[in-house]
Amino acid sequence: MHPNAVMLLAVALLGNLMLPFISAQNAGFVKSPMSETKLTGDTFELYCDVVGNPTPEIQWWYAEINRADSFKQLWDGARKRRVSINTAYGTNGVSVLGITRLTLEDSGTYECRASNDPRRNDLRQNPAITWIRAQATISVLQKPKISASDQTILSADSSSKPVTLQCNLTTAHTPYRESFWMKNGKEISNTRTEQRNTVYRITKPRADDSGEYMCVYTFDMAPNANATIEVKAKPDITGHKRSENKNEGENAMMYCKSVGYPHPTWTWRKVDGTSYTDIDNSTGRFFITNRDNYTELNILNLDITTDPGIYECNATNVIGNTAETTILRVRSHLAPLWPFLGVLAEIIILVVIIVVYEKRKRPDDIIDDDEPVGPMKTNSTNNHKDKNIRQRNTK
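Please read all numbers here as calculations on a predicted model, not as lab measurements.

K.L.:
Please clarify how the packing of aromatic side chains should be interpreted in this entry.
P.N.:
The geometry of an aromatic ring pair comes down to the distance between the two centres and the angle between the two planes. If you walk through the whole model with that rule in mind, you get 7 aromatic pairs. Considering the side-chain rings of tryptophan 181 and tyrosine 200, the 6.1 Å spacing of their centres and the 35° angle between planes classify their relative orientation as tilted. Of this pair, tryptophan 181 sits in strand S13 (residues 176-183) while tyrosine 200 sits in strand S15 (residues 197-202), placing them 19 residues apart in sequence. Exposure remark for tyrosine 200: the relative accessible area of 21% places this residue in the partly exposed category. Taking 5.9 Å as the distance between ring centres and 35° as the angle between the ring planes, the aromatic pair formed by tyrosine 200 and tyrosine 213 counts as tilted. Here tyrosine 213 lies in strand S16 (residues 211-219) and tyrosine 200 lies in strand S15, a separation of 13 residues in the sequence. These aromatic residues form a ring-pair network of at least three members: Phe44, Tyr62 and Tyr110. The side chain of lysine 31 reaches across the aromatic face of tyrosine 47, ending 4.9 Å from its centre. The ring of tyrosine 276 has arginine 269 lying over it, and the distance from NZ or CZ to the ring centre is 3.9 Å.

As structure tokens, then:
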């Protein structure tokens with residue numbers, strides 16, 4: 001064998017032997033959990049993202065504050081079903097630890113452990129060597145006490161009385177800074193104050209003033225605390241299509257949007273006099289899309305026989321319901337040709353009238369080409385000459 005061939009074969013064999021060691025990759029953290037401060041009753045989530053080849057195994061452990069030597073493994077459903085662990089393995093290993101309805105006893109050190117070492121579960125091995133670790137400290141503080149107004153229901157009458165929402169911070173374990181109001185997750189401008197007793201007034205309440213209001217208190221050394229006040233109102237449909245005109249075979253879209261809280265349950269139906277037919281997504285041609293205070297009905301491949309009619313959207317919540325209708329008209333696919341056909345029909349009628357008129361003319365009105373057009377001209381001089389000649393001959 002040629003020396004170069006032997007060398008190439010040796011290099012190839014060495015490469016195959018080294019391949020498992022080259023492709024193997026020790027476990028490493030892409031994203032590790034972050035420390036947080038929470039209030040009792042809140043929820044927290046810790047994320048752990050690790051990489052390695054093979055994909056590392058992930059575990060969660062917990063130790064009480066000042067007890068770093070007393071780690072205990074957590075599992076899904078621990079602490080009376082308040083603990084949830086969701087882990088997925090692919091190119092990376094990703095795990096999320098969540099704990100709800102926090103108590104003061106949930107404070108402590110939470111540790112994400114990852115390893116792809118084949119010896120990782122061997123009890124004779126030192127876990128500190130086979131597992132990598134990332135820690136986060138969760139501090140749970142007692143939630144401040146806030147006295148808030150009860151829920152309010154707005155009247156459908158446009159002349160309803162002003163509404164006053166009120167919150168009072170009665171107990172706080174850390175220094176208080178200020179407060180402000182939010183509606184549906186967005187801060188209401190010009191509501192920040194340093195007073196513990198805060199008030200928000202709605203002078204002329206309407207359906208669109210309903211929603212989820214929240215008074216928020218901020219602190220120097222603790223997370224924000226809040227209380228929620230629901231302002232409820234019957235749905236009021238503020239926008240919809242009055243009519244929809246389409247050709248057969250096309251698609252139609254009708255919609256309704258509303259104000260009011262809680263967000264309504266939407267339904268569609270086709271009205272036929274005093275009876276109606278409920279509409280859902282089961283037919284394959286009707287598609288309903290609902291999104292909070294908005295609903296949309298799409299009809300595919302319109303049928304000129306069955307689809308035209310009155311369609312009604314209905315919005316219902318715990319306070320009441322309201323409905324609006326849309327008229328759907330479906331024209332024949334020949335409808336765009338109607339103007340052209342009308343002009344063509346007028347031209348044909350006009351031609352027929354002209355032809356009939358020409359055929360019904362009286363014969364006297366038609367000029368015969370064999371007859372002279374006017375009286376024939378005579379030569380008066382010749383006539384007189386002939387007359388004189390005849391007179392002389394008689395003598």
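Structure shown, so let's carry the discussion forward.
K.L.:
I'm lost on the layout of surface pockets in this one. Help?
P.N.:
One way to see where empty space is left: roll a probe the size of a water molecule over the atoms. Roughly 300 Å³ of internal volume is contained in the largest pocket. With 5 residues, the top contributor of residues to the lining of the largest pocket is strand S17 (residues 225-240). Broken down by class, the residue content of the lining of the largest pocket amounts to 7 nonpolar, 5 polar and 5 charged.

K.L.:
Just to check I follow, could you spell out the nonpolar core for this structure?
P.N.:
Grouped burial of nonpolar side chains is what soluble globular proteins tend to show. Ile146, Leu165, Cys167, Trp181, Cys215, Tyr217 and Phe219 are the most contacted members of the largest nonpolar core, which totals 23 residues. Among the elements of the structure, strand S12 (163-171), S13, S16 and S17 are those that each provide at least two residues to this core. Considering every element that reaches this core, the biggest residue donor is S17, with 5 residues. When near neighbours in sequence (up to four residues on either side) are disregarded, cysteine 215 contacts Ile146, Cys167, Phe180, Trp181, Thr198, Ala225, Asn226 and Ala227. Phe44, Ile85, Leu97 and Val140 belong to the second largest nonpolar core, which has 20 residues in total.

K.L.:
Just to check I follow, could you spell out the sheet that holds strand S18 (residues 243-247) for this structure?
P.N.:
Within a beta sheet, neighbouring strands are joined by backbone hydrogen bonds and run either parallel or antiparallel to one another. Reading across the sheet, the 5 strands line up as S18-S25-S24-S20-S21 and stay open at both edges, with mixed pairing between neighbours. Looking along the sheet, the strands with just one partner apiece sit at the ends: S18 and strand S21 (275-279). Across this sheet, the average inter-strand angle for adjacent strands is 30°, counted without regard to direction. Strand direction decides the pairing type here: strand S24 (residues 309-316) and strand S25 (residues 321-331), joined by 8 bridges, are antiparallel. Each bridged residue has a counterpart across the sheet, and for asparagine 314 the counterpart in S25 is alanine 323.

K.L.:
Would you mind showing me how to read the sheet that holds strand S6 (residues 83-89) here?
P.N.:
With antiparallel pairing, 4 strands are arranged side by side in an open sheet as S1-S3-S7-S6. Of all strands in the sheet, those bounded by a partner on one side alone are strand S1 (25-31) and S6. The mean inter-strand angle of the sheet, taken between neighbouring strand axes irrespective of direction, is 20°. Of the pairings in the sheet, the one linking strand S3 (residues 44-53) to strand S7 (residues 92-99) comprises 8 bridges and is antiparallel in character. The partner of valine 51 across the bridge, within S7, is asparagine 92.

Analysis parameters
Sequence order as written defines the numbering, with residues in each chain counted from 1. The predicted origin of the model limits local features to residues at a pLDDT of at least 70 and limits the giving and counting of side-chain atom pairs to 80 or more, whereas totals for whole chains, interfaces and linings rest on all residues. Excluded from the side-chain calculation are hydrogens and water; included are all heavy atoms of the structure. Each Phe, Tyr or Trp ring (for Trp, its six-membered ring) is paired with any other whose centre lies within 6.5 Å, and the angle between the two planes then decides the class: stacked below 30 degrees, edge-to-face above 60, tilted in between. Helix numbers and strand numbers start at the N terminus; a helix is a DSSP run of H or I with at least 4 residues, a strand a run of E with at least 2. Buried, partly exposed and exposed residues are distinguished by accessible area as a fraction of the type maximum, computed with a 1.4 Å probe on protein chains only: under 20%, between the cut-offs, and over 50%, respectively. The criterion for a charge sitting over a ring is simple: Lys NZ or Arg CZ within 6 Å of the ring centre, and within 35 degrees of the ring normal. Grid points spaced at 1 Å over the protein atoms alone were grouped into cavities, where a 1.4 Å probe fits but cannot get out, and pockets, open sets with protein on both sides within 12 Å along at least five of seven lines, with lining residues defined by an atom within 4 Å of a point. Grid points are joined across faces, edges and corners, and a volume is the space filled by probe spheres set on the points. When residues are sorted by character, Ala, Val, Leu, Ile, Met, Phe, Trp, Tyr, Cys and Pro go into the nonpolar class, Asp, Glu, Lys and Arg into the charged class, and all the rest, Gly among them, into the polar class. Among buried residues, the Ala, Val, Leu, Ile, Met, Phe, Trp, Tyr and Cys ones that are joined through side-chain atoms within 4.5 Å form a nonpolar core. Contacts were defined at the residue level, with two residues in contact if any of their heavy atoms lie within 4.5 Å. Should DSSP find at least two bridges between two strands, the strands are taken to pair. Orientation is described by axes fitted as lines to C-alpha atoms, over the contacting stretch for helices, and by angles from 0 to 180 degrees between their N-to-C directions.

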